[in-house]
Amino acid sequence: MSLQFKNVEKRLNDSLVFPAFNIQIDGGGITAIHSGLNVRETLLHMLTRKTPVVNGGITINKVELSEVKLSEIGFLFLNEGLYERLTVADQLNFYRKLYNTEHSIPSILRKVHLEEKRNVKIKKLSQSEQRRIQFAKLLLHDPDLFIMEEPDQNIDVETQRVLILMLEELRAQGKIVLILTGNIQSAITLADKVYKLDETGLHKIHMETDLAANEENGEIIQEEIQPVRFEKIPTKVNEKIILFDPPEIDYIESNDGQSALHVDGEEFPTTFTLNELEERLRHFGFFRCHRSYIVNLQKVREVITWTRNSYSLILDDEKKSNIPLSKSKMAELKGMLGLK
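Residues numbered from 1 in each chain as written. Predicted model: local features only at pLDDT ≥ 70, side-chain atom pairs only at ≥ 80, totals over all residues. Heavy atoms only, no water.

A. Up close: the pairing of strand E19 (residues 310-315). Of all six residues in E19, six are buried; the element is thus mostly enclosed. Residue alternation in E19 divides its side chains into two sets, Ser310, Ser312 and Ile314 and Tyr311, Leu313 and Leu315, and both sets are buried. Note: strand E18 (residues 300-307) against E19, six bridges, orientation antiparallel. In the strand pairing of E19, Thr307 is matched with Ser310. (Buried < 20%, exposed > 50% of the residue type's maximum accessible area, 1.4 Å probe, protein only. Helix = DSSP H or I, 4+ residues; strand = E, 2+ residues; numbered from the N terminus. Pairing = 2+ DSSP bridges.)

B. Structural context of the nonpolar core. Among the nonpolar cores identified, the biggest contains 53 residues, and Leu92, Ile133 and Met148 are the most heavily contacted of them. Ignoring sequence-local partners within four residues, the contact set of Met148 consists of Leu76, Leu138, Met166, Leu167, Leu170, Val177, Leu178, Ile179 and Leu180. (Core = buried A, V, L, I, M, F, W, Y, C linked by side-chain atoms within 4.5 Å. Contact = heavy atoms within 4.5 Å.)

C. Structural detail: the layout of surface pockets. Taken as a whole, the second largest pocket encloses approximately 660 Å³ of empty space. Residue lining of the second largest pocket: 23 residues in total, with Asn183, Gln185, Ser186, Ser321 and Asn322 positioned closest to the centre. Of all elements in the fold, only helix H5 (157-172), helix H6 (184-190) and strand E13 (251-255) reach the threshold of two or more residues within the lining of the second largest pocket. Sorting elements by how many residues they give to the lining of the second largest pocket places H6 first, with four residues. Here the residues of the lining of the second largest pocket sort into five nonpolar, 11 polar and seven charged. (1 Å grid on protein atoms, 1.4 Å probe; cavity = no way out; pocket = protein on both sides within 12 Å on 5 of 7 lines; lining within 4 Å. Points joined across faces, edges and corners; volume = space filled by probe spheres on them. Nonpolar A, V, L, I, M, F, W, Y, C, P; charged D, E, K, R; others polar.)

D. Local environment of the pattern of salt bridges. Per the counting criterion, the structure on display carries 19 salt bridges. Ionic pairing is found between Asp144 and Lys175, a salt bridge with its closest N-O pair at 3.5 Å. Separated by 31 residues along the polypeptide, Asp144 in the loop between helix H4 (127-141) and strand E7 (145-149) and Lys175 in the loop between H5 and strand E8 (176-181) bring together distant segments of the chain. With a relative accessible area of 8%, Lys175 lands in the buried category. Of the charged contacts in the structure, one is a salt bridge between Lys299 and Asp250, with a shortest N-O distance of 2.7 Å. Of the two residues, Lys299 is situated in the loop between strand E17 (293-296) and E18 and Asp250 in the loop between strand E12 (240-244) and E13; the sequence distance between them amounts to 49 residues. (Salt bridge = Lys/Arg side-chain N within 4 Å of Asp/Glu carboxyl O.)

E. How the structure looks around the environment of Asn322. One can find Asn322 in strand E20 (residues 322-325). The sequence separation of Asn322 and Gln185 amounts to 137 residues, and the corresponding C-alpha distance is 7.5 Å. A distance of 2.8 Å separates the side chain of Asn322 from the side chain of Gln160, its partner in a polar contact. A distance of 3.0 Å separates polar atoms of two side chains, one belonging to Asn322 and the other to Ser312. (Polar contact = N/O pair within 3.5 Å; in protein donor to acceptor, adjacent residues only side chain to side chain.)

F. Quick peek at the sheet that holds E17. In space, the five strands of this open sheet follow the order E15-E14-E13-E17-E16, with antiparallel pairing throughout. Edge positions in the open sheet fall to strand E15 (266-270) and strand E16 (286-290), since each of these has one partner strand only. Neighbour-to-neighbour, the strand axes of the sheet open up by a mean angle of 25°, direction not taken into account. Sheet analysis places E13 next to strand E14 (residues 258-263), joined by five bridges and oriented antiparallel. (Axes fitted to C-alpha atoms, helices over the stretch in contact; angles between N-to-C directions.)

G. Region of the structure containing H4. Compared with the 21 Å implied by 1.5 Å per residue over 15 residues, the 22 Å span of H4 between its first and last C-alpha is a close match. In terms of burial, H4 is largely enclosed, as 13 of its 15 residues are buried. Within two residues after H4, Asp142 carries a phi angle of roughly 55°, on the positive side. (Expected span 1.5 Å × (residues − 1).)

H. Just the packing of aromatic side chains, in detail. Enumeration over the complete set of coordinates arrives at eight aromatic pairs. Between Phe75 and Phe77 the ring centres are 5.5 Å apart and the planes differ by 5°, which places this aromatic pair in the stacked class. What makes Phe75 buried here is its relative accessible area of 10%. Measuring from ring centre to ring centre gives 4.9 Å for Phe244 and Phe268, while their planes differ by 55°; the resulting arrangement is tilted. Placement of Phe244 in strand E12 and of Phe268 in strand E15 is noted, with a sequence separation of 24 residues between them. Relative accessible area serves as the criterion here: at 7%, Phe244 is assigned to the buried category. Put simply, the rings of Tyr83, Phe94, Tyr95 and Tyr99 touch in pairs and so form one group of aromatic residues. (Phe/Tyr/Trp six-rings, centres within 6.5 Å; stacked < 30°, edge-to-face > 60°.)

I. Seen up close, the environment of Ser328. With respect to the helices and strands, Ser328 occurs in helix H9 (residues 327-337). Relative accessible area serves as the criterion here: at 11%, Ser328 is assigned to the buried category.

J. Quick look at the sheet that holds E7. In space, the six strands of this open sheet follow the order E6-E7-E8-E3-E9-E10, with mixed pairing throughout. Strand pairing shows two members of the sheet lacking a second neighbour, strand E6 (73-76) and strand E10 (201-205), which therefore form its edges. Between one strand and the next, the sheet's axes are offset by a mean angle of 20°, whatever the strand orientation. The pairing of strand E3 (residues 29-34) with strand E9 (residues 193-198) spans four bridges and is classified as parallel.

This is the structure:
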């Protein structure tokens with residue numbers, strides 16, 4: 001089972017949306033494409049056949065997309081309507097008849113954590129709970145190919161847990177899952193392979209391999225304690241240089257080799273690499289939690305285990321920022337915290 005883009009290119013008038021790119025997405029893994037809104041909408045329009053693929057081709061199991069029934073693809077759209085006057089159970093029964101499936105409604109309700117809301121009208125549910133109904137629709141549909149647009153945007157922690165467990169199940173079943181998102185944190189947290197698509201083409205974002213020898217034998221290397229240093233981290237905004245004290249910084253993110261400080265919900269670019277920042281900030285309680293992230297441990301409120309291979313850090317800031325934590329770094333963090 002595979003979804004393949006072959007030399008797919010899109011131009012709009014005289015503007016290049018994205019150049020020709022190639023990618024094959026196989027079953028048994030989660031793939032995310034990180035892009036801007038225009039690119040994401042263009043891909044969705046191509047996949048739903050609203051926009052014809054003029055240059056290149058998209059195939060599913062080597063069959064041209066134009067010859068595949070769209071009903072055989074499970075789509076999750078960011079803005080998707082529900083029948084608000086129906087109860088949760090009624091809505092799922094509607095989907096069950098629509099897809100002519102034998103899946104059990106009670107079983108699906110348990111998977112999306114809506115058992116206690118089965119007789120509640122949809123209009124009385126929270127936004128996150130309504131999103132879980134859309135997850136339930138996908139599970140009832142149960143196709144071999146899933147296309148998801150921003151699946152974790154504006155959802156609570158419980159709903160994100162439901163999403164990650166659902167993705168684990170789809171992975172184990174050998175399904176094809178393609179996530180289209182504008183949020184690099186979401187892409188890294190949810191997917192096994194992450195790509196960036198823009199006007200320069202398709203670029204793979206290298207993920208951490210998680211092959212840590214010390215994790216395998218349970219050893220934690222203790223570094224020599226160094227004296228505390230007081231250093232400000234400079235950033236440049238327009239023509240101004242802004243200096244931040246390390247305790248002000250919530251976390252640092254690297255994207256395409258460019259590092260950015262996140263302070264009070266704002267992003268500030270810096271010329272330092274992530275490795276340089278890790279060295280400078282280590283003594284202030286900062287921790288390299290992922291290949292692309294450094295976090296201020298004083299700002300961490302929760303350490304969440306989604307699955308045995310998927311973890312996140314929830315920060316104590318206004319946005320409750322969700323930062324990916326790699327498997328090997330989880331072992332290191334436990335050692336720092338004195339946990340087994």
